Amino acid sequence: MLDGVSLDQLRTFIAAADEGSFSAAGRKLRRAQSVVSHTLANLEGQINVQLFDRSGRYPRLTEQGAALLAQARVVVSGMDGFKSKARAMADGLEPELSVVVDVMYPMESLTAAVGEFREVFPHTPLRLYVEALGAVMRPVIERVCRLGISGSMPAVPETLEGEKLLDVPMVTVVSPDHPLASRKRLIRTSELADHVQLVLTDRTTLTDGATFGVFSPLTWRLADLGAKHAFLRAGFGWGHMPAAMVQDDLAQGRLIALRLQSFQPRTPPIAMFAVYRKDTPPGPAARWFLDRLKDGTTRG
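Residues numbered from 1 in each chain as written. Predicted model: local features only at pLDDT ≥ 70, side-chain atom pairs only at ≥ 80, totals over all residues. Heavy atoms only, no water.

### What about the packing of aromatic side chains?
Two aromatic rings are characterised by how far apart their centres lie and by the angle between their planes. For the structure shown, the criterion picks out nine aromatic pairs. Judged by centre distance (5.1 Å) and plane angle (35°), the rings of Phe117 and Phe121 are tilted. Take Phe117 and Phe121: they sit in the same class, and that class is buried. The interplanar angle of 80° and the centroid separation of 5.1 Å between the aromatic rings of Phe231 and Phe236 together place this pair among those described as edge-to-face. Residue Phe231 is classed as partly exposed on the basis of its relative accessible area, which comes to 27%. Given a relative accessible area of 38%, Phe236 falls into the partly exposed group. Grouped by ring-pair contacts, the aromatic residues Phe117, Phe121, Trp288 and Phe289 constitute a single cluster. (Phe/Tyr/Trp six-rings, centres within 6.5 Å; stacked < 30°, edge-to-face > 60°. Buried < 20%, exposed > 50% of the residue type's maximum accessible area, 1.4 Å probe, protein only.)

This is the structure we're talking about:
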């Protein structure tokens, strides 16, 4: 009987556990509640294990059900991975590559990769979008973009796969005319709270509750990194910036680097990841582009 267990039964089991009721699982799977109930009853009969306690208003996972749920996820995920890889092999080269890139990603590295991509894949159009925070993840989740280059995220959503690319050095800066610029010592967090912090904001809800190095209750939130850069130079507040973007300003004295007590010995870098849907992994062109970005810092 165990050999007769199907992927459909396991998917139904996972949906019922995740949604909290058979009716909600039915809506998710676009099936009648009776079909979900019948499928799960058959599964329990085949494995001779009660997965749900049905004595209350809503079914609850039994102890055995909870233990088997994790294994069911592994089995289903493994099959999804098998099918996605087979699909990628059958599809061949992508007719077009759409990529969304985090605004914090070093533009010099990106430009070099794009230039080489044009030479290697001259007949594959490349569409590039530049976004920030959760706005990088969203088009990948919604299948608008095949590949995302993301930083500043606390975690990669379950539907996506992530591959580490590089760390982007960051620096905390302020205009030389700003009151904080005169403090040559370590600056305490309590001192920062008295001054406006310029913060890059998210246009999605994917980063709700995340702070990303926000230390001041006085914040101006900007959706554009270029505007944040201009506001920092104008002395409107202090903030964290990619080191490569402000290196000339630091060298010319247009911006001053701050030393924060909370960030020692330096402002933490932002880890950049390539992200893509697990069910649509990178094809040949996307894989080449991703790998080129991975070793971009070693090519000069």
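Next, the rest of the story.
### A word on the pattern of salt bridges
Scanning the model with the defined rule gives 20 salt bridges in all. Here Glu163 makes a salt bridge to Arg287, at a shortest N to O gap of 2.9 Å. Of this pair, Glu163 sits in strand E6 (residues 160-168) while Arg287 sits in helix H10 (residues 284-294), and the two are 124 residues apart along the sequence. The class of Glu163 is buried, set by a relative accessible area of 13%. (Salt bridge = Lys/Arg side-chain N within 4 Å of Asp/Glu carboxyl O. Helix = DSSP H or I, 4+ residues; strand = E, 2+ residues; numbered from the N terminus.)

In short, geometric facts, not functional conclusions.
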